[in-house]
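Remarks on the overall topology
Spelled out from the first residue to the last, the chains are:
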Amino acid sequence: MNEEKIRQYGDELFDAWRERRTLQPLLEREPDITLDDAYRIQLRYIERRVQAGEKIVGKKIGVTSKPVQDFLGVFQPDFGQLTSGMVYQEGDVIDLGSLIQPKAEAELAFVLKHDLQGPGVTAMDVIRATDYVVPCFEIVDSRITDWKIRIQDTVADNASCGVYVLGKTKGDPRKLDITLAGMVLEKNGELHSTGVGAAVQGSPANAVAWLANTLGELGIPFKAGEVILSGSQSPLVTVVDGDELVCTVGGLGSCRVKFAGRSAV
């Protein structure tokens, strides 16, 4: 795909995000779009957000579970960029009016104390470079109509990232078994789902190492202070006005988030 089209689709995604509306799936318009094309579109979309005043504050990993990979027809995760405009803290209320067609998922976030750059990064390298881990929610949001996505669509759309919420309880991954620690997700006081760290590429640290190595091949490092979302340990949860979600990680603590308003779609 030529540079003109890369910029066109990246700009369309930026405009859709800013105007809270959706686009026809890119793959329907460009059947020959490659994964590399999609990542180039993503970079253009993020470039526009940075030009608008945001900063890159971390990375996210998506498509970590086998059912989602099978659905999208891929056999490895994908990734997106986290920006300063996506950040919420526990206790904040998320205005659904700022989103298009949101869904929530619970996961573990890594906050780094050292730079880390692949290739050659192992899960133990990730643990050593991590300052702390916290339970968190990622509120995914697609700029693609009705979530009719294939892997090229979601990658171009910054891995369908919306916003994220970090919990307040910090854990030391050297003392917490993040692979076997269970996660319980409650919606409005009732059990919604359970999960475990091993569901994410065998361990959340494995997923983070994969991303460090993948980005390292592109010359992109993890930076100290960055937040890395390691991949969902829960099914997607549709949220509406008044909903409250709580995810609790065994041995670590919980993250709570509330929603108000009405999404664009």
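For the structure, see preceding data.
Residues numbered from 1 in each chain as written. Predicted model: local features only at pLDDT ≥ 70, side-chain atom pairs only at ≥ 80, totals over all residues. Heavy atoms only, no water.

Let's talk about the packing of aromatic side chains
Under the defined criterion, the tally for this structure stands at two aromatic pairs. Between Phe14 and Trp17 the ring centres are 5.6 Å apart and the planes differ by 45°, which places this aromatic pair in the tilted class. Here Phe14 pairs with Trp17, and both are found in helix α1 (residues 3-19), just three residues apart, close to one helical turn. The class of Phe14 is buried, set by a relative accessible area of 4%. Considering the side-chain rings of Tyr39 and Phe79, the 4.4 Å spacing of their centres and the 15° angle between planes classify their relative orientation as stacked. Taken as a pair, Tyr39 in helix α3 (residues 35-51) and Phe79 in strand β2 (residues 78-83) lie far apart in primary sequence, 40 residues in all. For the pair Tyr39 and Phe79, a shared accessibility class is recorded, and that class is buried. Lying across the ring of Trp17, Arg49 places its NZ or CZ 3.8 Å from the centre. In this structure, Lys170 packs its charged tip against the face of Tyr132, placed 4.5 Å from the ring centre. (Phe/Tyr/Trp six-rings, centres within 6.5 Å; stacked < 30°, edge-to-face > 60°. Helix = DSSP H or I, 4+ residues; strand = E, 2+ residues; numbered from the N terminus. Buried < 20%, exposed > 50% of the residue type's maximum accessible area, 1.4 Å probe, protein only. Lys NZ or Arg CZ within 6 Å of the ring centre and 35° of its normal.)

Things to note about the state of the cysteines
One pass over the full model with this rule turns up zero disulfides. Here Cys136 stays free of any disulfide, with the sulfur of Cys255 as its closest cysteine sulfur at 6.7 Å. Taking the relative accessible area as the measure of exposure, Cys136 reaches 0% and is therefore buried. Here Cys161 stays free of any disulfide, with the sulfur of Cys136 as its closest cysteine sulfur at 10 Å. Cys161 sits in the buried class, given a relative accessible area of 1%. (Disulfide = S-S within 2.5 Å.)

Re the pattern of salt bridges
For the coordinates displayed, the defined rule picks out 19 salt bridges. Of the charged contacts, one joins Glu12 and Arg29 as a salt bridge, the two residues approaching to 2.7 Å between their closest N and O atoms. Separated by 17 residues along the polypeptide, Glu12 in helix α1 and Arg29 in helix α2 (residues 26-29) bring together distant segments of the chain. For Arg29, a relative accessible area of 27% corresponds to the partly exposed category. With a closest N to O distance of 4.0 Å, Arg18 and Glu19 form a salt bridge. According to the relative accessible area criterion, Arg18 is partly exposed, its value standing at 45%. By relative accessible area, which is 42% here, Glu19 ends up partly exposed. Through salt bridges with shared partners, one network takes in Asp11, Arg44, Glu47 and Arg48. (Salt bridge = Lys/Arg side-chain N within 4 Å of Asp/Glu carboxyl O.)

A short note on helix α7 (residues 204-216)
Taking 1.5 Å of rise per residue, 13 residues should cover 18 Å, and α7 covers 18 Å from first to last C-alpha, within 8% of that figure. Most of α7 is tucked away: 12 of the 13 residues are buried. Within the sequence span of α7, burial applies to Pro204, Ala205, Ala207, Val208, Ala209, Trp210, Leu211, Ala212, Asn213, Thr214, Leu215 and Gly216. Considering only its buried residues, α7 is in contact with β1 (56-62), β2, β5 (102-112), α5 (123-129) and β10 (227-232). (Expected span 1.5 Å × (residues − 1). Contact = heavy atoms within 4.5 Å.)

A look at the layout of surface pockets
Its boundaries defined by the atoms lining it, the second largest pocket holds a volume of some 220 Å³. Lining the second largest pocket are 13 residues, and of these Asp36, Tyr39, Phe79, Thr214 and Leu218 lie nearest its centre. The element that contributes the greatest number of residues to the lining of the second largest pocket is α3, accounting for six residues. Partitioning the lining of the second largest pocket into residue classes produces seven nonpolar, four polar and two charged. (1 Å grid on protein atoms, 1.4 Å probe; cavity = no way out; pocket = protein on both sides within 12 Å on 5 of 7 lines; lining within 4 Å. Points joined across faces, edges and corners; volume = space filled by probe spheres on them. Nonpolar A, V, L, I, M, F, W, Y, C, P; charged D, E, K, R; others polar.)

Points about the nonpolar core
Soluble globular proteins tend to bury their nonpolar side chains together. Ranked by internal contacts, the top residues of the largest apolar core, which has 68 residues, are Ile94, Phe137, Phe222 and Leu245. Here this core takes eight residues from α7, the largest share from any one element. Aside from chain neighbours lying at most four places away, what touches Leu245 is Ala104, Phe137, Leu185, Glu186, Lys187, Val237, Val239, Cys255, Arg256, Val257 and Phe259. By size, the runner-up hydrophobic cluster in this structure holds 12 residues, among which are Leu82, Tyr132, Leu166 and Val227. (Core = buried A, V, L, I, M, F, W, Y, C linked by side-chain atoms within 4.5 Å.)

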